[in-house]
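Structural overview
Now for the letters of each chain:
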Amino acid sequence: MGAPSSRHDGGMLAITVVPGQADTADLIEIDEPPLDDGPILVQTMSIGVCGTDLEIVDGDYGTAPAGADRLVIGHESLGRVLEVPDGCGFAAGDLVVGIVRRPDELPCSNCAVGEWDMCRTGDYTERGIKGRHGYASERYRIRPDYAVKIDSRLHHVGVLLEPTSVVTKAWEHVEAIGRRARWEPQVVMITGAGPIGLLAALLGRQRGLDVHVFDRVTDGPKPDLVTELGATYHIDDIGDFVHRADVVIECTGVASVVLDVLGGTAPDGIVCLTGVSTGGRPLPLDVGTANRSIVLGNEVVFGSVNANRRHYEAGAVALANADITWLERMITRRVPFRDWREALTRRPDDVKPIIEFAS
Ligand code: BGC
């Protein structure tokens, strides 16, 4: 298809906030997406809600694009291509997920080669989070290099690709570190059975590992979601188990949980921290003891955030290989976009609430 059509010239609805200010979230009418955002016009189908969105809505995180007061939120997306120029590798009707991060302008050595998830300046932008409008609008535009095509069988669950890309990266880096020596991991410990923990467990099971997920709840969907993966669900003490773990993927960001997994894994253990903590609650840490066991155990503790195109593509394969009914059950609420406020209010049994713009 050639030039962008003017079918949608009347503007569109978008969920926006004034970053840094609580209680400013609103569904407002904004202009159609600018051509500068890219030649592919996408109809938004669904937007996932995560802790980062709640922080943005609470005024604790996020920045608007330069010169704008409001930020369109939404970084976990699924859309359908409406219009695309010939020769882009996409066709009208394709299901796509938009990548979140864009390289810094410099670009730094990592951004220059597409490894923007490892940006060295911190001057990257992120759609729906940092300096760039997100996907929570009826339509958006995107460049082909930031759109990832997904299998049409995933039309109900493809919105899980962005969080899957985050854990795909975490696993890739765990495995890269593991290659420092001969490494035959068996036991994986995952702290937190939220979306990131469950998807990390899925990838662990896809690797044939013995996966143990720790959370506090005894009811709701989490225990069954874990056991249906062939993993073990625990509500007992993390500290009693961590010494068995070859790999720990920490997905809560809760300071006391982080403390429990530091310096206590099986020899040569690798601890990947993925949860973004809020801070402000100092805990006592015996640095000498933690250092001693990390050194004597060749333990690695590292942080992991975001994902690049390679991780989205590998994540799309992981989702296509997963049981789709299991993925559907991770999406615990589907809220029509006009009722968007409901999706941004936490409920005890939530795993992943999503906002549906179109079906
Ligand atoms: C997103 C990442 C992003 C991070 C920090 C997370 O919620 O999934 O893509 O890099 O927040 O802004």
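Starting afresh in each chain, residues are numbered from 1 along the sequence in its written order. Local features in this predicted model are restricted to residues of pLDDT 70 or higher, and side-chain atom pairs are both shown and tallied only at a pLDDT of 80 or more, whereas totals for entire chains, interfaces and linings draw on every residue. Here the side-chain values reflect all heavy atoms present in the structure, with hydrogen atoms and water set aside.

A closer look at the domain arrangement of the protein
Looking at the assigned domains, one finds that the protein contains domain 1 (12-149 + 323-356) and domain 2 (165-303). Relative to domain 2, the C-alpha centre of domain 1 lies at a distance of 28 Å. In this description, contact between two residues means that some pair of their heavy atoms is separated by no more than 4.5 Å. With 11 residues of domain 1 at the interface, the matching set in domain 2 holds 14 residues. Both faces considered, domain 1 and domain 2 share a buried interface measuring about 1,100 Å² in area, 68% of it formed by carbon and sulfur atoms. In terms of surface lost to domain 2, no three residues of domain 1 exceed Trp326, Arg329 and Val351, which account for 50% of the buried area on that side. Domain start and stop points were drawn from an automatic or database domain assignment. Note: buried area is the sum, over both parts, of the accessible area (probe 1.4 Å) each one loses when the two are combined.

A few points about a negative patch on the surface
Together, Asp236, Asp237, Asp240 and Asp260 make up a region of like negative charge exposed at the surface. The residue Asp260 is located in helix H5 (residues 255-261) in this model. What makes Asp260 partly exposed here is its relative accessible area of 36%. Note that patches include only residues with greater than 30% relative accessible area and no salt bridge, and the join distances are 9 Å for like charges and 5 Å for nonpolar side chains (Val, Leu, Ile, Met, Phe, Trp, Tyr). To measure how exposed things are, a 1.4 Å probe is used in the Shrake-Rupley method; for residues, cover is taken only from the protein chains shown. A pairing counts as a salt bridge when a side-chain nitrogen of Lys or Arg comes within 4 Å of a carboxyl oxygen of Asp or Glu. When charges are counted, neither His nor the chain ends are considered; positive counts come from Lys and Arg and negative counts from Asp and Glu. A single reference atom marks each charge: NZ on Lys, CZ on Arg, CG on Asp, CD on Glu. Each helix is a run of DSSP H or I of at least 4 residues and each strand a run of E of at least 2, with the numbering of both proceeding from the N terminus. The buried label applies to any residue whose accessible area, calculated with a 1.4 Å probe on protein chains only, is under 20% of its type's maximum; exposed applies above 50%, and partly exposed to all values in between.

Focus on the pattern of salt bridges
Between side chains of opposite charge, pairing is possible as soon as their charged atoms come close. Enumeration according to the criterion identifies 17 salt bridges in this entry. The shortest N-O distance in the salt bridge between Asp37 and Arg127 comes to 3.9 Å. Residue Asp37 is found in the loop between strand S2 (26-30) and strand S3 (40-48), and its partner Arg127 is found in strand S8 (residues 125-127); the two are separated by 90 residues along the sequence. Residue Arg127 is classed as buried on the basis of its relative accessible area, which comes to 4%. Salt-bridge contacts for Arg101 lead to Glu126; the nearest nitrogen and oxygen are separated by 2.9 Å. Highlighted residues: Arg101 in strand S7 (residues 101-102) and Glu126 in strand S8, separated in sequence by 25 residues. Each member of the pair Arg101 and Glu126 is classed as buried. Taken together, the salt bridges that share partners define one network made up of Glu115, Glu172 and Arg310.

Quick notes on helix H7 (residues 309-321)
To estimate the expected span of a helix, count its residues, drop one, and scale the result by 1.5 Å. Given a rise of 1.5 Å per residue, 13 residues ought to cover 18 Å, and the 19 Å separating the end C-alpha atoms of H7 matches this to within 8%. Looking at H7, one finds that the buried residues are His311, Tyr312, Gly315, Ala316, Ala318 and Leu319. An end-on view of H7 places all buried positions within 165° of arc, on one side of the element. Residues of H7 that are buried in the fold lie against strand S6 (95-98), strand S11 (147-150), helix H2 (161-178), helix H3 (195-206) and helix H8 (324-330). Structurally, the start of H7 carries an N-cap: the backbone nitrogen of Arg310 is 2.9 Å from a side-chain oxygen of Asn308. The arc under discussion is defined with respect to the helix axis, by the directions toward the C-beta atoms. Pairs of N or O atoms are called polar contacts if they sit within 3.5 Å, as long as, within protein, a hydrogen donor faces a hydrogen acceptor (for residues adjacent in sequence, only side-chain-to-side-chain pairs).

Side note on unusual backbone geometry
Peptide bonds are, in most cases, trans, and in most cases residues other than glycine have a negative phi. Omega for the bond connecting Leu106 with Pro107 falls within 30 degrees of zero, at -15°, which places this linkage in the cis form. By the secondary structure assignment, Pro107 is in the loop between S7 and S8. Positive phi, close to 60°, is recorded for Asp23, a residue that is not glycine. Relative to the assigned elements, Asp23 resides in the loop between strand S1 (12-17) and S2. A relative accessible area of 79% means that Asp23 is categorised as exposed. Within the chain, Asn298 stands out as a residue other than glycine whose phi angle is a positive 50°. Within the element layout of this structure, Asn298 appears in the loop between helix H6 (287-296) and strand S17 (300-303).

Here we look at the nonpolar core
Of all hydrophobic cores here, the largest spans 93 residues; its most connected members are Trp171, Ile190, Leu327 and Ile355. Per element, the largest residue contribution to this core is 6 residues, and it comes from H3. Taken domain by domain, the makeup of this core includes at least three residues from each of domain 1 (12-149 + 323-356) and domain 2 (165-303). Setting aside residues no more than four positions away along its own chain, Ile355 makes contact with Ile15, Met45, Ser46, Ile47, Val49, Val335, Phe337, Trp340 and Ala343. For our purposes a nonpolar core is just a set of buried Ala, Val, Leu, Ile, Met, Phe, Trp, Tyr and Cys residues, chained together by side-chain atoms within 4.5 Å.

Comments concerning the site of the ligand
Only a single heavy atom is needed: when it lies within 4 Å of a molecule or strand, its residue is near that molecule or strand. With respect to spatial proximity, the complete set of residues near the ligand consists of Cys50, Thr52, Tyr61, His75, Val100, Arg101, Glu126, Ile129, Glu162, Val166, Val305 and Asn306. A distance of 2.5 Å separates an oxygen atom of the ligand from a polar atom in the side chain of Glu126. Of the residues assigned to the shell around the ligand, the class counts are 6 nonpolar, 3 polar and 3 charged. Think of it as three bins: nonpolar holds Ala, Val, Leu, Ile, Met, Phe, Trp, Tyr, Cys and Pro, charged holds Asp, Glu, Lys and Arg, and polar takes everything else, Gly as well.

Quick word on the sheet that holds strand S15 (residues 247-250)
By definition, two strands form a pair when at least two bridges between them are found by DSSP. Taken together, the 6 strands give an open sheet; going across it, the order is S14-S13-S12-S15-S16-S17, and neighbouring strands pair in parallel fashion. Each end of this open sheet is capped by a strand with a single partner; those strands are strand S14 (232-234) and S17. Along the sheet, successive strands turn relative to each other by an average axial angle of 20°, direction set aside. By the bridge criterion, 4 bridges tie strand S16 (residues 270-273) to S17 in an arrangement that is parallel. In the sheet register, Leu273 faces S17, and the bridge partner there is Gly303. Helix axes use the C-alpha atoms of the stretch in contact, all axes being lines fitted to C-alpha atoms, and the angles between their N-to-C directions lie in the range 0 to 180 degrees.

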